[in-house]
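Each chain, letter by letter, is given below.
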Amino acid sequence: MSQAILEVRDLTRTFGGLTAVNRLNFSVSPGSVHGLIGPNGAGKTTTFNVISGFYAPTTGQVIYQGKNVSGMTTVSLARIGLIRTFQGTTLFKEFTVLDNVKIGFHGSVRSTLIAQVLGADREELAAIEKQADELIEFFGLADLRNELAANLSHGHQRALGIAVALAAQPKVLLLDEPFTGMNPEETSRMMTLVRSVRDRGVTIMLVEHDMHAIMGLCDKITVMNFGSLLTEGTPQQVRTNPKVIEAYLGSAIDAA
Amino acid sequence: MSRGKVNPWLWVAGIVLLATLIALPFGLSFSQREVAVLLVINVLLVSSYRLMTLTGEWSLGHVVIMGVGAYASALFSKRLGVPVPISMLLGAVTAGAVAALLSFPLFRMKGFYFLIGSFAAGEVIRLIWKYFTNPFGGPKGLKLIPGFPDIGPISFFEPLPYYYLCLIVVGMSLFFLYRIERSRIGLTFHAIHWQDKLAESVGVNTFSYRMLAFVLASTFAGLCGALYVHYIGTINPNRFDVEEMVFVLIWAIVGGTATFYGPILGVVVLTVINEVILRALGFDTARPMIYGFILIASVLFLPNGLESLVPKLQAWRTSRRTAPEGTPASEEKA
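Residues numbered from 1 in each chain as written. Chains lettered and ligands numbered in written order. Predicted model: local features only at pLDDT ≥ 70, side-chain atom pairs only at ≥ 80, totals over all residues.

Q: Any chance you could explain the overall build of chain A here in plain terms?
A: Helix and strand content of chain A: 11 helices and 10 strands. In terms of overall dimensions, chain A is globule-like: its C-alpha atoms have a radius of gyration of 19 Å, near the 18 Å expected for 256 residues. Along the longest, intermediate and shortest principal axes, the C-alpha atoms of chain A span 70 × 40 × 35 Å. Every one of the 256 residues in chain A was classed for burial, and the buried ones make up 41%. A separation threshold of at least 6 residues defines the contact pool for chain A, and within that pool the share at least 24 residues apart is 67%. (Helix = DSSP H or I, 4+ residues; strand = E, 2+ residues; numbered from the N terminus. Rg over C-alpha atoms; globule rule 2.2 N^0.38 Å. Buried ≥ 20, exposed ≤ 12 C-beta atoms within 10 Å, placed from the backbone. Contact = placed C-beta atoms within 7 Å.)

Below you can see the structure in the form of structure tokens.
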């Protein structure tokens, strides 16, 4: 196995007396789709927020490209290619689809303030707009380019959310429940999109409840329960692991 | 945000507006010309305030920051003998620098807390002016501040030349503000207003952009102060108290802050109401009360400000043009 692009070592995060994540270890190999699942309250979202810089770890480390990035802010993580998305349809709803994606390209802007005021950044703007259009096309939103994000359907809004993240040139994309609230058709369309994002060379880590999507997409799955690692493996291994079934459904005796 | 080809009518309107602005003082009395000078300065003041509100933060310290520019420019010219045009620029820079310093405590807060924090910061600055008689002149302020130097036969002591000077300075500043808003920086300001967490997740440093908006807005507010002080020739701390700030807020709210022209519309309309109509009726001392009524009325009946009338007016005109029979076509579709 090649060296991990993202690694969590002995990660612990407590809130007051509550230990939300307890000595968690896992690693994500480059170019893979990595799932993080677990019952409600297992600490998935906290783990996600620690990796993406919303919280600092209480103890333990987050290693990205061989470098300890624990406690770095979301902004500086975004600059080095670790981009997260949000649960639900968090977008600039008052902006057009195009302007949403243009904000995603924020990190690519090199023009100075004076150049922007004088309009000397036209070439750069045009280049960014061209790239933005390519992304919009890639996500099948070309017809909606000048539509306000608020007017898009749920599935389109989710796709746009990923387009904005992808505009920021991620090496690792952290997707927070990208399939929530989607109908089966939207889910399968989103699965195709996630695969094609992976095929662009972006490593993907996702937190998700939709087992169909998780099993169909992921190369490797990490299962958490009560803040700790329960098990880890391929979808096939996880699906048949009795510990996982027990965590989700209760033990065989309870079920009987 | 629609950006695209410029409507030819906009050019015509622009030229008419420019001609009106140049011809305006000739139709005014001496005291009205003085009001016109202050109005032009206030247009820049309220426009710079809007730049700040783009990031979603409303400040109660903007007029005090204007005062920082006024005091700084006055002191540079009076105490250090700096030529007035240069001291004006230094005053603006000082206001921007003070804003940059204030950013560090103030932008730890958002929304209502920022509002109160900015008020407190402004009052601290005003107390410093009152307390330190040297160099700020204490409660009585500063007097005999040098005016703008004469250029040949043109004396800027007169309102007419000073009006044109302000028109040029304010016009250039407004162009700058407009370009900022239409640039990527403006887009980023809006983005921070609507979804700061999402903006951060794609690498936008929200603190430095909030600071940038605050510093730019404050620099232009400082320029307003400098333009003001070298015309009036005297200042004291009470000129920049919270009542003046409330007037700026009322101009912005009555005009509306969604468009660039909204606040300008607000300050122009309210000044005209105040100076022309109320003064003619002998009512002008009741300005705070009248402004209060106007604010309440506009919040009740025109919640999106005077600017929201403009698209309605356009829709009304096109509907008249397309339906000359007078059928009430899509009037609501503004």
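Q: How do you make sense of the interface of chain B and chain A when you look at a structure like this?
A: One frequent convention defines the size of an interface as the accessible area lost when the parts assemble. At the interface, 20 residues of chain B touch 24 residues of chain A. Looking at the side of chain B that touches chain A, the elements with two or more residues in it are helix H7 (159–182), helix H8 (184–194) and helix H9 (196–201) of chain B. Sort the elements by how many residues they give to the side of chain B that touches chain A and H8(B) lands first, with six residues. Among the residues forming the side of chain B that touches chain A, the class breakdown is 11 nonpolar, six polar and three charged. (Nonpolar A, V, L, I, M, F, W, Y, C, P; charged D, E, K, R; others polar.)

Q: It is not clear to me how helix H10 (residues 206–232) of chain B should be interpreted in this structure. Could you clarify?
A: An α-helical turn contains 3.6 residues, so a residue and the one three or four places further along point in the same direction. Residue and element names in this part refer to chain B. Here H10 is 27 residues long and its end C-alpha atoms lie 39 Å apart, about the 39 Å a rise of 1.5 Å per residue gives. Burial within H10 is extensive, with 22 of its 27 residues counted as buried. Phi turns positive one or two residues past the end of H10, at Gly233, with a value near 85°. (Expected span 1.5 Å × (residues − 1).)

Q: Quick question: what am I supposed to make of the pairing of strand S2 (residues 18–28) of chain A here?
A: Two faces belong to every sheet, and in a regular strand the side chains alternate between them. Residue and element names in this part refer to chain A. Where strand S1 (residues 6–15) lies against S2, seven bridges are found, and the strand directions are antiparallel. Across the sheet, Val8 pairs through a bridge with Phe26, a residue of S2. Between S1 and S2, which pair antiparallel and follow one another directly, the connecting turn spans two residues, one of which, Gly16, has a positive phi of 60°. (Pairing = 2+ DSSP bridges.)

Q: Hey, could you run me through the nonpolar core in this one?
A: In globular proteins that are soluble, nonpolar side chains generally tend to be buried together. Core analysis: the biggest nonpolar cluster contains 163 residues, and Leu160(A), Ala163(A), Ala213(B), Cys224(B) and Val248(B) have the highest contact counts within it. For this core, the element with the highest residue contribution is H10(B), accounting for 16 residues. Counting the residues that make up this core, at least three belong to each of domain 1 (31–240) and domain 2 (241–334) of chain B. (Core = buried A, V, L, I, M, F, W, Y, C linked by C-beta atoms within 7 Å. Domains from an automatic or database assignment.)

Q: How do you make sense of the domain arrangement of chain B when you look at a structure like this?
A: Residue and element names in this part refer to chain B. Taken domain by domain, chain B comprises domain 1 (31–240) and domain 2 (241–334). Domain 1 and domain 2 are separated by 24 Å when their C-alpha centres are compared. Among the secondary structure elements, those contributing two or more residues to the side of domain 1 that touches domain 2 are helix H2 (30–53), helix H3 (62–79), helix H5 (111–131) and H7. For the side of domain 1 that touches domain 2, a count of residues per class yields 11 nonpolar, six polar and four charged.

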